[in-house]
Amino acid sequence: MSCATLAKGLLDLDVARARMIAAAEPVRGEELVALERAVGRVLARDVTARLDMPGVDNSAMDGYALRLAELSDAGLPVVLRVPAGAGVTSLPEGGCARIFTGAPVPEGADCVVPQERVRLDEAGCMHVAGEAKPGANIRRRGEEYREGDTLLTAGWTLDSAALALLASQGIAEVPVLPRLKVALISTGDELIEPGATFAPGLVYNSNRVMLQALLEQADCEVLDLGIIADDPDALREAFATARDGADLVVCTGGVSVGEEDHVRPVLDELGGLWFHGVAMKPGKPFAFGYLDDGSPEGVPLLGLPGNPVASLVGWHLLARPFVQGCQGRTVGPLQQYRVRAGFSRRGSPGRRELLRVTLDWQGGHPVALLAGGQGSHMLHAASQAHGYLMMAADTDVEEGREYPYLPAGQFG
Ligand code: AMP
Ligand code: MG
């Protein structure tokens, strides 16, 4: 991938997101994985149905299978018993069959009456209370889909329902794309790891565990390179290690424009910057580029801001869709709907703002409330938020008006 010239000023968030999604190249290769180990993996190829679903006409209820035309006031003798797991049988003329949910409907029967609507007389004949309709309570062979129909497409994320669908077809192993290997770098001389002794001026590394969790939730394999000092040589070395050992590099901190921020110059030197700076708050100092590994395609590098909430928002809106694209996943649009604000607040000049909010249900309607302090270093509100209220640049929040709301669930 060649390196484009740096965009002047800040890039619009939608443009940055679209650029990243377009730039994502799906990881190559394929592995065959047992269903039990496939949750969260990405389907490498379309899967088509091997069998009609259902495979045979079967009963939707515990009840009695019969020929409607034979139903009379005299009732019908119960001449057959068909439990689930039974083979296909045939209904003798003049009789009905006791049948259970999922059992094959005997040939000749055209209706199943639920047992709750049936009375058995002393002679063992079955009488139906109320009306019985043709085809009632019979699940027809192939009514859901037919052999050869496409069930799941390449790029699908295998969740519990998708795995159940494959299992229902008797499929035991599934072709998936290889896991994306992501190198994780935390930069900053002030950083110490949780568990270490605190001293004023030091900062516990919260981005590392946050991004590790996000990457693992996204089914990436994480190569953690730990904390790297604010030193160009140390960063150069870390970037080279990351480039050689991973498909993608995510680093945090050192990506602004102060003299202690070395990510951008080192990235420029070892590869190339695509863009730096997005018109969003928090998350402005976001950098995207490639580390040149000598091959025609470099290793992408995502430089997230050091401020923890800026890093989280940058991940949600920019890094995550790129990672998804590199994993071969289909990247959907942002899910958003309009929600009334329960507060007023001054807008952010020149940048779209993603306010961390909770939803309160008032009179059956959601109302967005600030989840707490909105500083880009304030993790508490981020930990409480149900989602983001996405404010256009230079737009004040007016209590009672509606604004786009992005539920956090979509980023999980
Ligand atoms: P930087 O982007 O390096 O200028 O950092 C911006 C702010 O984020 C500073 O207050 C840093 O101490 C803080 N910060 C940077 N990296 C981390 C991290 N890994 N965990 C927590 N805070 C961080
Ligand atoms: Mg720093």
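Residues numbered from 1 in each chain as written. Chains lettered and ligands numbered in written order. Predicted model: local features only at pLDDT ≥ 70, side-chain atom pairs only at ≥ 80, totals over all residues. Heavy atoms only, no water.

- Within an unreviewed UniProt entry, the label attached to the protein chain reads Molybdopterin molybdenumtransferase, and the organism entered is Billgrantia desiderata.
- If you open the UniProt record of the protein chain and go to Pathway (unreviewed entry), you find "Cofactor biosynthesis; molybdopterin biosynthesis."
- The record in UniProt for the protein chain states the following under Cofactor (unreviewed entry): "Mg(2+)". (UniProt positions renumbered as here; feature names shortened; annotations may be inferred.)

Observations regarding the domain arrangement of the protein chain
Okay, step 1: Assigned domains within the protein chain: domain 1 (3-28 + 179-326), domain 2 (33-52 + 144-176), domain 3 (58-139) and domain 4 (337-411).
Okay, step 2: Using only C-alpha atoms to locate each centre, domain 3 and domain 4 end up separated by 58 Å. (Domains from an automatic or database assignment.)

Here's the deal with unusual backbone geometry
Okay, step 1: Along the chain, Met53 connects to Pro54 via a cis peptide bond; the corresponding omega equals -10°.
Okay, step 2: Note the cis peptide between Lys281 and Pro282, where omega equals -5°.
Okay, step 3: Assignment of secondary structure puts Pro282 in the loop between strand 19 (280-281) and strand 20 (287-291).
Okay, step 4: Within the chain, Asn137 stands out as a residue other than glycine whose phi angle is a positive 60°.
Okay, step 5: Position of Asn137 relative to the elements: it lies in the loop between strand 9 (125-128) and strand 10 (138-139).
Okay, step 6: Of note in the backbone geometry, Asp394 takes a positive phi value of approximately 60° without being a glycine. (Helix = DSSP H or I, 4+ residues; strand = E, 2+ residues; numbered from the N terminus.)

Structural notes on a negative patch on the surface
Okay, step 1: A contiguous patch of negative charge on the surface is contributed by Asp189, Glu190, Asp231, Glu259 and Glu260.
Okay, step 2: With respect to the helices and strands, the residue Asp231 is situated in the loop between strand 16 (221-228) and helix 4 (232-245). (Patch = residues over 30% accessible without salt bridge, like charges linked within 9 Å, V, L, I, M, F, W, Y side chains within 5 Å. Areas by Shrake-Rupley, 256 points an atom, 1.4 Å probe, with all protein chains shown as cover. Salt bridge = Lys/Arg side-chain N within 4 Å of Asp/Glu carboxyl O. Lys, Arg positive; Asp, Glu negative; His and termini not counted. Charge placed at Lys NZ, Arg CZ, Asp CG, Glu CD.)

A look at the sheet that holds strand 6 (residues 96-99)
Okay, step 1: Pairing is mixed in the open sheet, where 6 strands are placed in the order 7-4-6-5-9-8. Only two strands of the sheet have a single partner each, and these edge strands are strand 7 (111-114) and strand 8 (118-120). Strand-to-strand, the axes of this sheet are offset by a mean angle of 40°, without reference to chain direction.
Okay, step 2: As defined by bridge partners, strand 5 (residues 76-82) adjoins strand 6 across 4 bridges and the pair is classed as parallel. Residue pairing for strand 6: Val78 is matched across the bridge by Cys96. (Pairing = 2+ DSSP bridges. Axes fitted to C-alpha atoms, helices over the stretch in contact; angles between N-to-C directions.)

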